[in-house]
Amino acid sequence: MESYPHFLAVAATAMRQILVDYAKRKHAGKRGGGMKRVPLFEIESTLNSSGSIDEARSAALIALDDSLRRLEEVDSRQSRIVECRFFGGMTIEDTATALGIAPITVRRGWTIAKSWLFQDLTKTLEDAL
């Protein structure tokens, strides 16, 4: 069923947009729309926490989205891999099918993209201080 992974990839893009838009709207009404700084080590834990999108999680989503946009300029395929895996919850195999690439390429891209995002978020947070 090859169309299912493609549907999941589209759904992952939509989920990313919905979550980030919600986070931005939530921040727009607080303290004049200013962004709260979130330490890098908290980004993963706040994004993985269950429950509502609180202020820290909103800031983490916005920071991740900004970093993903920068990654897209460098390597759009890696950005799509992160979108499918993180926002869509897709497996390696489903991501590979949806993007028309080999599973090993997805694994490699996922590893490289996570490293790139960590470095980019670290630099962004250091520059903000």
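Heads up: the structure comes first, above all this text.
Numbering of residues starts from 1 in each chain and follows the order in which that chain's sequence is written. pLDDT decides what is reported in this predicted model: residues at 70 or higher carry local features, side-chain atom pairs at 80 or more are listed and counted, and totals for whole chains, interfaces and linings draw on all residues regardless. Neither water nor hydrogens contribute to the side-chain values; these are computed over all heavy atoms in the structure.

Novice: Quick rundown of helix 4 (residues 76-87)? Include the residues and the values.
Specialist: Helix and strand definitions here come from DSSP, where helices need a minimum of 4 consecutive H or I residues and strands a minimum of 2 consecutive E residues; each element is numbered from the N-terminal end. The span one expects for a helix is its residue count, reduced by one, times 1.5 Å. The end-to-end C-alpha separation of helix 4 is 16 Å, in line with the 16 Å expected for 12 residues at 1.5 Å each. Categorising residues by exposure relies on relative accessible area from a 1.4 Å probe, with only protein chains included: less than 20% of the type maximum marks a residue as buried, more than 50% marks it as exposed, and the intermediate range marks it as partly exposed. Taken together, the buried positions of helix 4 are occupied by Q78, S79, I81, V82, E83, C84 and F87. Whenever two N or O atoms come within 3.5 Å, that pair is a polar contact, provided that in protein one can donate a hydrogen and the other can accept it, and provided that, for residues adjacent in sequence, both atoms are side-chain atoms. You can read the cap of helix 4 off the contacts: a side-chain oxygen lies 3.1 Å from the backbone nitrogen of R77, and it is on D75. In the segment just after helix 4, G89 is the residue with positive phi, at about 65°.

Novice: Now, about the side chain of S67: what can you tell me, with residues and values included?
Specialist: Within the secondary structure, S67 sits in helix 3 (residues 55-74). A distance of 2.5 Å separates a polar atom in the side chain of S67 from a polar atom in the side chain of D120. Contacts are assigned to residue pairs with any non-hydrogen atoms lying within 4.5 Å of each other. Among residues more than four places away in sequence, those in contact with S67 are W116, L117, D120 and L121.

Novice: Can you break down the environment of D94 residue by residue, with the values?
Specialist: Tracing the backbone through its elements, the reader meets D94 in helix 5 (residues 92-99). Spatially, the C-alpha atoms of D94 and Y4 are 8.2 Å apart, while their sequence positions differ by 90 residues. Excluding anything up to four places from it in sequence, D94 contacts P5 and L8.

Just geometry here; none of it tells us what the structure is for.
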